[in-house]
Amino acid sequence: MFKPAEGPIRLPPGQRFLGLDLGTKTIGLALSDTGHRIASPYQTLTRRKFSADAAELQRIVAKETVAALVLGLPINMDGTEGPRCQATRAFARNMSQLMPLPIALWDERMSTMAVQRMMTDEADLSRARRAELVDKLAASYILQSYLDWVGGQ
């Protein structure tokens, strides 16, 4: 049975974390550096069937020396978990059966909003460009907050 990592996941230098922002239509991906300090946007996958999504993630994990996953958990603002949290937990459970990697579920409240605000207020990006970037930037925001937490432990 799948059990998410309860404490900080520690990886040896040279391995990476892969952050995921799971949406209904896309999966935003971010990759840590090998020193586990910096998260960078990686790419956005268009969601298909779980098996196709999982196969693409397995390819990326192998290619990029990924040793742990960090999934954004879309907890409601009042702290409750709704259907999107259940879907994220199911995704994590299914991935854990295919890849023996530790998986952390990280509270992603406000990540997309923070990224969208940055893209409009600070970067002044067009609506089309924001739509293209938001998922992988949200994944990077989620992963960076996780790395900051792990580094402070």
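That block above? That's the structure.
Q: So what's going on with the overall build of the protein? Residues and values would help.
A: Scanning the protein for helices and strands turns up four helices and five strands. Each helix and strand of the protein, ordered N terminal to C terminal, gives the series β-β-β-α-β-α-β-α-α. The burial tally for the protein puts 42% of its 153 residues in the buried class. Excluding contacts between residues fewer than 6 apart, the proportion of contacts in the protein whose partners are at least 24 apart in sequence is 63%. In the structure as shown, the protein presents an accessible area of about 8300 Å², 52% of it carried by carbon and sulfur atoms.

Q: Tell me about the sheet that holds strand β4 (residues 66-73), residues and numbers included.
A: Taking strand neighbours across the sheet as the criterion, the five strands line up as β3-β2-β1-β4-β5 in an open arrangement whose pairing is mixed. Since the sheet does not close on itself, it has two edges, and those belong to β3 (39-46) and β5 (103-107), each with one partner. Taking each pair of neighbouring strands and ignoring which way they run, the sheet shows an average axis angle of 25°. Judged from the five bridges that link them, strand β1 (residues 16-22) and β4 form a sheet pairing that is parallel.

Q: Which residues make up the packing of aromatic side chains, and what values do they have?
A: With the rule as written, the count across this model stands at five aromatic pairs. Ring plane angle 40° and centroid distance 5.2 Å describe the contact between Trp 106 and Trp 149, whose orientation is recorded as tilted. Pair noted here: Trp 106 is in strand β5 and Trp 149 is in helix α4 (residues 127-152), with a separation of 43 residues, a long-range link. Here Trp 149 falls in the partly exposed class, since its relative accessible area comes to 28%. Consider the rings of Tyr 146 and Trp 149, whose centres lie 5.7 Å apart with planes at 50°: the pair is tilted. You can see Tyr 146 and its partner Trp 149 sitting in helix α4, three residues apart, about one turn around the helix.

Q: A description of helix α2 (residues 83-98) should follow, citing residues and the corresponding values.
A: For α2, with 16 residues, the first-to-last C-alpha span of 23 Å sits near the 22 Å given by 1.5 Å per residue. Listed as buried for α2 are Cys 85, Thr 88, Phe 91, Ala 92 and Met 95. Along the axis of α2, the buried residues cluster in a sector spanning 120°; they form a single face. Along α2, the residues that are exposed and aim more than 90 degrees away from the buried face are Pro 83, Gln 86 and Gln 97. Those residues of α2 that are buried lie in contact with β1, β2 (26-32), α1 (50-63), β4 and β5.

Q: Requested: an account of the environment of Asn 76, with residues and values cited.
A: For Asn 76, the position within the fold is in the loop between β4 and α2. For Asn 76, a relative accessible area of 33% corresponds to the partly exposed category. Sequence-wise, Asn 76 and Asp 107 are 31 residues apart; in three dimensions their C-alpha atoms are separated by 9.5 Å. Those residues in contact with Asn 76 that lie beyond four places of it in its chain are Glu 81, Gly 82 and Arg 109.

The rules behind the values
Residues numbered from 1 in each chain as written. Predicted model: local features only at pLDDT ≥ 70, side-chain atom pairs only at ≥ 80, totals over all residues. Heavy atoms only, no water. Helix = DSSP H or I, 4+ residues; strand = E, 2+ residues; numbered from the N terminus. Buried < 20%, exposed > 50% of the residue type's maximum accessible area, 1.4 Å probe, protein only. Contact = heavy atoms within 4.5 Å. Areas by Shrake-Rupley, 256 points an atom, 1.4 Å probe, with all protein chains shown as cover. Pairing = 2+ DSSP bridges. Axes fitted to C-alpha atoms, helices over the stretch in contact; angles between N-to-C directions. Phe/Tyr/Trp six-rings, centres within 6.5 Å; stacked < 30°, edge-to-face > 60°. Expected span 1.5 Å × (residues − 1). Arc of directions from axis to C-beta.

Structural measurements only, silent on function.
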